[in-house]
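An overview of the molecular structure
So you can see what is in the structure, the chains are spelled out below.
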Amino acid sequence: MNTHFNNQAFECVGSGRLGLALDHEYLEELALVQRELGFKRIRFHGLFHDDVGIYQQHEDEQGNVEVEYNYTYLDRIFDSFQRLHINPCLETGFMPAKLASGPETFSYWQGHITPPNNEQRWLDLVTTTLKHLVDRYGETVYTWPIEIWNEPNIDQFWSGDEDDYLHFFAITFNAIKQLDDRFIVGGPAICGVQDEKWIKDFLAFCEKENLHPDFITRHFYTVSVVPTAGHYRYPELRDLKESLHELETSRKLIDQSSLKGLPMYITEFSTSYSPDAPLHDTVKNAAYVADMLSKMGDTCELYSYWTFGDVFEEKGIPYQLFHGGFGLLADHQIKKPTYWTYVFYKQLLDHCTLKNDHAVVTNDDQGCQAGVVWNYRRDHDVAPYYYDIKQDQFDSAVLTLQLVDQNHGNPLKTWHYLGEPANPQAADVKLIKQAANPEIKTVILHRGESYSLAVSADAVVGFTVKPRSTASDRGFDYTKLTK
């Protein structure tokens, strides 16, 4: 019997700002992620930031402003994405310095967050860039989501007010659609601050102005209290079902409007919203995200983990290897526990047979099985979660288990035991990478047999069941090796 489950985990993944894609470490991490996980799209800030250098202007001898566009770095970066089989999800931000209407910036890398000082030059920048992308990469660009700005409901990212954003959305949206209606464009890309009000106002504005966005976007983080100490934050996770109510409410608001049925894209999600929260590096994060991935497809057609790697500089250059960065990978391509949550979801098969608060189990038409089982610790004392893996499809099958818990697939713990070296030497990096691998166990199950899986607190287990047959070479007898 099939159970409702929409696995959209690999539709998109987040990234540090676009200019970081010129960095060797960034591209190495992305190449690893694409080989093993294979995301369809990548979203980033800073498309129009000055370190990518697209927008250029100068004055001629008569004092007239002349505008030029430089696509050297953009093409270099997007060519790299194409080689890695990942397409951009375009966020139209932030403002080039010479187009900014004020001095306000965001983050260490100073992304300008003001409305444009010249709307026509902004619109020309957007449309000329899109035309360039179509000329270079062809009609596939019409499948790239275009999101207008980032978190305009938070003054860190948008210096104007809500009305300023709605006007900015409308002129940008209309300019793109007038260029070619095949572009898919959406917004408002809000985060959790006054999210219901912003979604309602955005939907009402679109109806009033006869705008028809192709999707609605928002972000989703699941922490509340954020105590700090030194360079780091130690947030408390909210109950996931309580947090998911935000997405359910947004989905209802869309479907109660004239835009009923539009896809909802979560273009950023994670536990904490800050790149200095060591929670991101833990097995607890892996177990919690496993629960998130099991449920977010109930309301959303796309949800993009923020981010694939720790090459990220919003709060400056990190002080040490494990610093609470957003990434699935730490520097040196070290796989954090949450990376394995994604690996286990990648193994899932076509038909879901079980989905609950601890597990997603699937099979295929041949009777093979694949599942993810987790036990996020909500309280201090959590009993193991037990799941019986039954095998009744094959005369003989092999059950493969991969375990991530406090003692396996937990490079943070090994790094801690090594003395928390800020910049470990090569030998220590090698050891930490080895410690990042899950424990692997294989079991032979004959027809009618089962295996009782006990999942401890904050552990995540991925398992597969596949038919087993042997074709030993003449004279080879494994049993003689095990006496």
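Up top you'll find the structure we're talking about.
Note that the structure is predicted; figures quoted are calculated from it, not measured. (Residues numbered from 1 in each chain as written. Predicted model: local features only at pLDDT ≥ 70, side-chain atom pairs only at ≥ 80, totals over all residues. Heavy atoms only, no water.)

Points about the nonpolar core
The following threshold applies: Here, nonpolar core means buried Ala, Val, Leu, Ile, Met, Phe, Trp, Tyr and Cys residues that are tied together by side-chain atoms lying within 4.5 Å of each other. Partly exposed residues are those whose accessible area sits between 20% and 50% of the maximum for their type, while under 20% is buried and over 50% is exposed, using a 1.4 Å probe and protein chains only. Only DSSP runs of H or I with at least four residues qualify as helices, and only runs of E with at least two residues qualify as strands; both kinds are numbered from the N terminus onward. Here, two residues are considered to be in contact whenever any of their heavy atoms come within 4.5 Å of each other.
Counting 123 residues, the largest nonpolar core has F78, F81, W122, F269, Y342 and Y345 as its most contacted members. Sorting elements by how many residues they give to this core places helix α4 (residues 162-179) first, with nine residues. Among all residues touching Y342, those that are not within four sequence positions of it are A9, F10, L37, F39, F269, V289, L293, Y305 and L328. Formed by 21 residues, the second largest nonpolar core is a distinct cluster that contains C368, F394, V443 and V455.

So, the environment of I190
Turning to its location among the elements, I190 is positioned in strand β9 (residues 185-190). By relative accessible area, I190 is classed as buried at 0%. Between the C-alpha atom of I190 and that of H219, which follows or precedes it by 29 residues, the distance is 6.0 Å.

Digging into the packing of helix α3 (residues 119-137) against α4
Rules: Axis lines are fitted to C-alpha atoms, over the contacting stretch for helices. Their N-to-C directions set the angle, which ranges from 0 to 180 degrees. Here the angle decides the label: under 35 degrees means roughly parallel, over 145 means roughly antiparallel, 65 to 115 means roughly perpendicular, and every other value means oblique. Left-handed is the label given to a crossing in which the near helix is rotated counterclockwise from the far helix by less than a right angle, and right-handed is the label when the rotation is clockwise. In this classification, the charged set is Asp, Glu, Lys and Arg, the nonpolar set is Ala, Val, Leu, Ile, Met, Phe, Trp, Tyr, Cys and Pro, and all remaining amino acids, among them Gly, are polar.
Between α3 and α4, the least distance of the axes is 10 Å, while the angle of their chain directions is 40 degrees. As judged from the angle between their axes, α3 and α4 are oblique. Crossing hand, α3 versus α4: right-handed. Contacts from E119, W122, L123, V126, T127, L130 and K131 in α3 reach H167, F168, I171, T172, A175, I176 and L179 in α4. Here the contact of α3 with α4 is built from residues that sort into nine nonpolar, three polar and two charged.

What about empty space enclosed by the protein?
If a probe the size of a water molecule is rolled over the atoms, the empty space left behind becomes visible. Filter applied, for reference: For cavity detection a 1 Å grid was placed over the protein atoms alone, and a set of points counts as a cavity when a 1.4 Å probe fits there but cannot get out; an open set counts as a pocket when protein lies on both sides within 12 Å along at least five of seven lines, with lining residues being those that have an atom within 4 Å of a point. Grid points are joined across faces, edges and corners, and a volume is the space filled by probe spheres set on the points.
Applying the stated rule across the entire model yields one cavity of 30 Å³ or more. Taken as a whole, the largest cavity encloses approximately 40 Å³ of empty space. Lining the largest cavity we find L47, F48, L90, T92, V126, T129, L130 and I146.

Considering a nonpolar patch on the surface
Note the threshold: Only residues whose relative accessible area exceeds 30% and that form no salt bridge are eligible for patches; like-charged ones are grouped when within 9 Å, while nonpolar side chains (Val, Leu, Ile, Met, Phe, Trp, Tyr) are grouped when within 5 Å. To measure how exposed things are, a 1.4 Å probe is used in the Shrake-Rupley method; for residues, cover is taken only from the protein chains shown. Between Lys or Arg on one side and Asp or Glu on the other, a salt bridge is scored when a side-chain nitrogen of the former is within 4 Å of a carboxyl oxygen of the latter.
Together, F476, Y478 and L481 line one region of the surface with nonpolar side chains, adding up to about 390 Å² of accessible area. Summarising the element assignment, L481 is placed in the segment after β24 (460-467). Its relative accessible area of 58% is what places L481 among the exposed residues.

Let's talk about the sheet that holds strand β18 (residues 359-363)
Put simply, the test is: The pairing criterion for strands is at least two bridges between them, as found by DSSP.
The six strands are arranged β17-β18-β19-β24-β21-β22 in an open sheet whose pairing can be described as antiparallel. Single-partner strands in this sheet number two, and they are β17 (351-355) and β22 (439-446). Adjacent strand axes in the sheet meet at a mean angle of 15 degrees, parallel and antiparallel pairs treated alike. Sheet analysis places strand β21 (residues 396-404) next to β24, joined by eight bridges and oriented antiparallel. Bridge pairing in β24 places A397 opposite P467. On the sheet, helix α7 (residues 283-295) packs against β17, β18, β19 (369-374), β21 and β24 and is oriented at approximately 125 degrees with respect to β19. The sheet contacts of helix α8 (residues 337-346) involve β18, β19, β21 and β24, and relative to β21 the element is tilted by about 155 degrees.

Section: the layout of surface pockets
Considered as a void within the structure, the largest pocket measures approximately 500 Å³ in volume. E151, I154, Q156, C191 and Y273 are the residues nearest the centre of the largest pocket, which is lined by 26 residues in total. Looking at the lining of the largest pocket, the element that brings in the most residues is strand β10 (residues 215-221), giving four residues.

Here's the deal with the packing of aromatic side chains
Definition in use: Aromatic rings from Phe, Tyr and Trp, with only the six-membered ring used for Trp, were paired whenever their centres fell within 6.5 Å, and each pair was classed as stacked if the ring planes differed by under 30 degrees, edge-to-face if by over 60, and tilted otherwise. To sit over a ring, a charge needs its Lys NZ or Arg CZ within 6 Å of the ring centre and within 35 degrees of the ring normal.
Throughout the structure, instances matching the rule amount to 42 aromatic pairs. Considering the side-chain rings of F94 and W149, the 5.3 Å spacing of their centres and the 70 degrees angle between planes classify their relative orientation as edge-to-face. Taken together, the positions of F94 in the loop between β5 (87-91) and β6 (105-106) and W149 in the loop between β8 (146-147) and α4 put the pair 55 residues apart, joining distant regions of the chain. Here F94 and W149 have matching classes, each one buried. Judged by centre distance (6.1 Å) and plane angle (85 degrees), the ring pair of W158 and Y165 falls under edge-to-face. Like W158, the residue Y165 is buried in the burial classification. We note K346 situated over the ring of F10; from NZ or CZ to the ring centre the distance is 4.6 Å.

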